[in-house]
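# Structural overview
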Amino acid sequence: MHREHATSHVGRYGRRRTKLDNRLRTPKVGAPPPGANESRMKLDRRFCIAPMMDWTDRHCRFFHRLLTRRALIYTEMITSGAVLHGDRARLLAYDLAEHPVALQLGSCDPWQLEQCARIAEDFGYDEVNLNIGCPSERVQEGRFGACLMAEPALVGDCVAAMTAAVDLPITVKCRIGIDDQDPEEALEALTCALERAGVAALIVHARKAWLEGLSPRENRDIPPLDYARVYRLKAAHPGLCVVLNGGIADLDQALAHCARLDGVMMGRAAYQEPWRLLAVDPVLFDEPARFSSAKSAAEALIPYIERELARGTRLHAVTRHVLGLFRGVPGARAFRRHLATEAIKPTAGADTFRAALALIADVDARSVAAA
Ligand SMILES: Cc1cc2nc3c(=O)[nH]c(=O)nc-3n(C[C@H](O)[C@H](O)[C@H](O)COP(=O)(O)O)c2cc1C
């Protein structure tokens, strides 16, 4: 149930909601149909596509949704300050076809997060996720992201503020620890605080983050993965939905983790080799794939491209996410090359994409099942 916009409300932090706060709310723009709230609380997290800054924008998410009906898709991280004070309509825009879609937020301010969660609910998002795994310097300066692994009580307050404010599931994406933390203790303390706060799921990037000396990119590869720590977490908290992230390269690995956990989150492999996503529905959900080949999925993107071009979007903004779609299909390299040189031209249109697709052989990809 959505809350009344105009009523005065004393929040958990004792601050009376003002008219300004109410103006911060937005008319519902993407609200899913009645009854959706119930199913939201039961979101299936068996397969999630990771939030990736500059990668999982709305065009990418629309494209990924063509490849799998069942994956839970995450936005890029958006800071609470940007949601509250930035161009909200642009930042939070998404296509209704993207459902189920989770909004990822970055912040350490319970009050701001409470406001953002209300706005996310009004926009019709299916989940709000708090990022406490990002090690970038910018994020550390704001005292959020991975450095919050050292402040479980504050993270608990953030989550409690959101769960009290909205009916959406509130989830957290974290690491197993930071710097010299002991992952046994750090992850356990965080998990206990989050369970008390009513977290709906914990997504664990199964490696530490090193806040000094490693770039965000290095922090995705260098600290070693420790899947066993995540398995132990699930064993110690059987009632908590635990999703594993980090280094999952294919759907066989995803299936193996799903036997011990509630789900997996795939990042770089999903983005760089999106053809794998065609096999998500058959392999993980025992449902037919949306398309029998990557080429037919790409053809289904054309009406979206035409719509976006009519709104002033450049072709490359959409097609840059599609470059890795064809692997092992004759013509894949020519497809990539054509888009790399032609789609960036200001005059590029849907025909440019059609011409690139014409370079791809028609292959019925039942082999997608091997993804
Ligand atoms: C380009 C890029 C941007 C990322 N941006 C975010 C982000 O905004 N929020 C977040 O929680 N993680 C972000 N990540 C981390 C991923 O969500 C994921 O945790 C990480 O890539 C490990 O999973 P993988 O091995 O499956 O890629 C980003 C990763 C990449 C490659």
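An account of the accompanying structure is given in this report. As the structure is a computational prediction, the values presented were derived from the model and not from experiment.

The biggest cluster of nonpolar side chains holds 104 residues, and the ones touching the most others in it are Phe47, Leu301, Phe326 and Phe353. Element by element, the count of residues in this core is highest for helix α8 (residues 152–165), at seven residues. Ignoring any residue separated from it by four or fewer positions in sequence, one finds Phe353 in contact with Ala298, Leu301, Ile302, Ile305, Leu315, Thr319, Val322, Phe335 and Leu339. Judged by nonpolar contacts, the second largest core, of 14 residues, contains Cys60, Tyr74, Ala102 and Met265.

Okay, the site of the ligand next. The environment of the ligand is made up of 17 residues, and the closest members are Met53, Gln104, Asn245, Gly247 and Arg268. A distance of 3.3 Å separates an oxygen atom of the ligand from a polar atom in the backbone of Met77. Within the backbone of Gly247, an N or O atom sits 2.7 Å from an oxygen atom of the ligand. Against a free-state accessible area of 610 Å², the protein chains account for coverage of 92% of the ligand. Among the residues forming the shell around the ligand, the class breakdown is seven nonpolar, seven polar and three charged.

So, on to the packing of helix α6 (residues 110–123) against α8. One can describe the packing of α6 onto α8 by two numbers: an axis separation of 8 Å at closest approach and a directional angle of 35 degrees. Of the two elements, α6 crosses α8, and the hand of that crossing is right-handed. Contact residues: Pro110, Leu113, Glu114, Ala117 and Arg118 in α6; Leu154, Asp157, Cys158, Ala161, Met162 and Ala165 in α8. Residues belonging to the contact of α6 with α8 are distributed by class as follows: eight nonpolar, no polar and three charged.

Judged by pairing direction, the barrel is parallel, and its eight strands sit side by side in the order β1-β2-β3-β4-β5-β6-β7-β8 before closing back on the first. The sheet shows a mean angle of 25 degrees between the axes of neighbouring strands, direction not considered. Note: strand β5 (residues 170–175) against strand β6 (residues 201–205), five bridges, orientation parallel. Residue pairing across strands places Cys174 opposite Val204, the latter belonging to β6. Where helix α10 (residues 227–236) meets the sheet, its contacts fall on β6 and β7 (242–245), and the angle it forms with β7 comes to roughly 175 degrees. Across the sheet, helix α11 (residues 251–258) lies against β1 (47–49), β7 and β8 (263–266), angled at about 150 degrees from β8, the strand it touches most.

With respect to the helices and strands, the residue Asp281 is situated in helix α13 (residues 280–285). Buried charged residue Asp281 carries no salt bridge. Nearest counter-charge: Arg69, at 4.4 Å. One polar contact links Asp281 to Thr68, side chain to side chain, over a distance of 2.7 Å. In contact with Asp281, other than residues within four places in its own chain, are Thr68, Arg69, Arg70, Asp286, Glu287, Pro288 and Arg290.

Position of Leu84 among the secondary structure elements: in helix α4 (residues 80–85). Along the chain, Leu84 and Cys116 lie 32 residues apart, while their C-alpha atoms are 7.0 Å from each other.

Attention now moves to the packing of aromatic side chains. Taken as a whole and assessed by the stated rule, the structure comprises five aromatic pairs. Look at Phe62 and Tyr304: their rings are 3.9 Å apart centre to centre, the planes differ by 15 degrees, and that puts the pair in the stacked class. One end of the pair, Phe62, is in helix α3 (residues 58–67); the other, Tyr304, is in helix α15 (residues 302–310), and 242 residues separate them in sequence. The interplanar angle of 85 degrees and the centroid separation of 4.9 Å between the aromatic rings of Phe326 and Phe335 together place this pair among those described as edge-to-face. Among the aromatic residues, ring-to-ring pairing joins Phe326, Phe335 and Phe353 into one connected group.

Across its 14 residues, α8 extends 20 Å between first and last C-alpha, which sits within 8% of the 20 Å expected from 1.5 Å per residue. The complete set of buried residues in α8 reads Leu154, Val155, Gly156, Cys158, Val159, Ala160, Ala161, Met162 and Ala165. On the buried face of α8, the contacting elements are α6, β4 (127–132), β5 and α9 (183–197).

With that settled, the discussion passes to unusual backbone geometry. Each neighbour pair has its own omega, and for His99 with Pro100 the value is -5 degrees, a cis peptide bond. Within the secondary structure, Pro100 sits in the loop between α5 (88–91) and β3 (101–106). Non-glycine residue Asp179 carries a positive phi angle of around 45 degrees. Structurally, the position occupied by Asp179 is in the loop between β5 and α9. Taking relative accessible area as the criterion, Asp179 reaches 33% and is therefore assigned partly exposed. A positive phi angle is found at Asp286, which is not glycine, with a value near 55 degrees. Structurally, Asp286 can be placed in the loop between α13 and α14 (294–299).

Another aspect to go through is the pattern of salt bridges. Under the counting rule described, the total for this entry stands at 22 salt bridges. In this structure, Arg45 and Glu127 form a salt bridge, with 3.0 Å as the shortest nitrogen-oxygen distance. Of this pair, Arg45 sits in the loop between α2 (36–41) and β1 while Glu127 sits in strand β4, placing them 82 residues apart in sequence. Assessed through its relative accessible area of 5%, Arg45 is described here as buried. By relative accessible area, Glu127 is classed as buried at 0%. Salt-bridge contacts for Arg143 lead to Glu151; the nearest nitrogen and oxygen are separated by 2.9 Å. Overall, the relative accessible area of 43% leaves Arg143 in the partly exposed class. By relative accessible area, Glu151 is classed as partly exposed at 26%.

Thresholds applied
- Residues numbered from 1 in each chain as written.
- Predicted model: local features only at pLDDT ≥ 70, side-chain atom pairs only at ≥ 80, totals over all residues.
- Heavy atoms only, no water.
- Core = buried A, V, L, I, M, F, W, Y, C linked by side-chain atoms within 4.5 Å.
- Buried < 20%, exposed > 50% of the residue type's maximum accessible area, 1.4 Å probe, protein only.
- Helix = DSSP H or I, 4+ residues; strand = E, 2+ residues; numbered from the N terminus.
- Contact = heavy atoms within 4.5 Å.
- Near = heavy atom within 4 Å.
- Polar contact = N/O pair within 3.5 Å; in protein donor to acceptor, adjacent residues only side chain to side chain.
- Areas by Shrake-Rupley, 256 points an atom, 1.4 Å probe, with all protein chains shown as cover.
- Nonpolar A, V, L, I, M, F, W, Y, C, P; charged D, E, K, R; others polar.
- Axes fitted to C-alpha atoms, helices over the stretch in contact; angles between N-to-C directions.
- Left-handed = near helix turned anticlockwise from the far one by under 90°.
- Pairing = 2+ DSSP bridges.
- Lys, Arg positive; Asp, Glu negative; His and termini not counted.
- Salt bridge = Lys/Arg side-chain N within 4 Å of Asp/Glu carboxyl O.
- Phe/Tyr/Trp six-rings, centres within 6.5 Å; stacked < 30°, edge-to-face > 60°.
- Expected span 1.5 Å × (residues − 1).

Any functional reading would require information beyond the geometric quantities listed.
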